[in-house]
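Coordinate analysis (summary)
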Amino acid sequence: RANCLRPHVYAMALKAFRAMSLSGQNQSCIISGESGAGKTETAKYFVAHILELSTSDGRASNGYRNDIFEFMMNALLEPFGNAKMQANSNSSRFGKLVELQFTDTNQIAGSRMRHYLLEKARVAQQPRGEFNFHIFHMLLDGLDDTVATSLHLARKPGAYACLNGGKPAKYVDGFPVHVPGMEAHAPFSSVHGSRAFSIQGQQMLEAGFSTDNLDGL
């Protein structure tokens, strides 16, 4: 019956897991599509179902399974690789190869990210109406005034050519000047950006980053 229907994410995950279990061979799944098609969410459902299948008999705790899922698929990477585009306000501008590792009894044993491909050109310049990666906006919204001043950062993203939605930057005496009007189209409000920046820092600490690592970033 499944062969008569269009591919479903759970069915494909089950098929891959069964093939691995029965053959003992590695399995691969490519999730592709145009921007806004739902690749990121589909990948989350796919990985979550694989993890559910591998722990359904209680061989691994829910906590361990959730740790793997959160590390490989959660928002820890998204602020560094997601950006607002005209058709998608939270578009993933990166690709990754995620590897799930299993024991001989098909119990989840670990995971790692083999490759990470980032749209690096977006850091320096974006098409008009599009924005840089979320982390830069979160940084300006979330840093306290003392740190921002010590780093010589203006609080308004419109002061920077790489953050003003593809508009030309303006300068006075060599210093960047805020371009008014872009806040209405920014990826998120300053309040949301500040809160997101705080959550991001906490998640990175929980993932094993030190405070020195965060300061360096």
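Keep in mind it's a predicted model, so treat the numbers as computed, not measured. (Residues numbered from 1 in each chain as written. Predicted model: local features only at pLDDT ≥ 70, side-chain atom pairs only at ≥ 80, totals over all residues. Heavy atoms only, no water.)

1. Some remarks on the pattern of salt bridges
Per the stated rule, a full pass over the model turns up seven salt bridges. One salt bridge in this structure joins Glu99 and Arg112, with 2.9 Å as the shortest N-O distance. Separated by 13 residues along the polypeptide, Glu99 in strand E3 (residues 94–102) and Arg112 in strand E4 (residues 108–118) bring together distant segments of the chain. Arg114 serves as the salt-bridge partner of Glu99, at 2.7 Å between the closest nitrogen and oxygen. Remark: Arg114 occurs in strand E4 and Glu99 occurs in strand E3; sequence separation between them is 15 residues. Of the residues examined, Arg114 reaches a relative accessible area of 41% and is grouped as partly exposed. One continuous salt-bridge network, built from bridges that share partners, spans Arg93, Glu119, Arg122 and Glu130. (Salt bridge = Lys/Arg side-chain N within 4 Å of Asp/Glu carboxyl O. Helix = DSSP H or I, 4+ residues; strand = E, 2+ residues; numbered from the N terminus. Buried < 20%, exposed > 50% of the residue type's maximum accessible area, 1.4 Å probe, protein only.)

2. Side note on helix H1 (residues 9–23)
With 15 residues, H1 extends 21 Å from end C-alpha to end C-alpha; this agrees with the ideal 21 Å at 1.5 Å per step. Taken together, the buried positions of H1 are Ala13, Ala16, Phe17 and Met20. Taken down its axis, H1 places every buried residue within 95° of arc, on the same side. For H1, the exposed residues set more than 90 degrees away from the buried face come down to Lys15, Arg18 and Leu22. Those residues of H1 hidden inside the fold are in contact with helix H2 (39–54) and E3. (Expected span 1.5 Å × (residues − 1). Arc of directions from axis to C-beta. Contact = heavy atoms within 4.5 Å.)

3. Focus: the packing of H1 against H2
Contact pair H1 / H2: the axes reach a minimum separation of 9 Å and the direction vectors enclose 45°. Between H1 and H2, the crossing angle belongs to the class labelled oblique. Of the two elements, H1 crosses H2, and the hand of that crossing is right-handed. Facing Val9, Tyr10, Met12, Ala13, Leu14, Ala16 and Phe17 of H1, the residues of H2 in contact are Thr42, Tyr45, Phe46, His49, Ile50, Leu53 and Ser54. (Axes fitted to C-alpha atoms, helices over the stretch in contact; angles between N-to-C directions. Parallel < 35°, antiparallel > 145°, perpendicular 65-115°, else oblique. Left-handed = near helix turned anticlockwise from the far one by under 90°.)

4. Points about the packing of aromatic side chains
In this structure the tally under the stated criterion is three aromatic pairs. Geometrically, the ring pair formed by Tyr10 and Tyr45 is edge-to-face, given 6.3 Å between the ring centres and 80° between the ring planes. Placement of the pair is Tyr10 in helix H1 and Tyr45 in helix H2, with a sequence separation of 35 residues. Residue class for Tyr45 comes out partly exposed when judged on its relative accessible area of 44%. For the ring pair Phe17 and Phe102, a centre distance of 6.0 Å and an interplane angle of 70° mean the geometry is edge-to-face. Separated by 85 residues along the polypeptide, Phe17 in helix H1 and Phe102 in strand E3 bring together distant segments of the chain. Look at Phe17 and you get buried, because its relative accessible area is 10%. (Phe/Tyr/Trp six-rings, centres within 6.5 Å; stacked < 30°, edge-to-face > 60°.)

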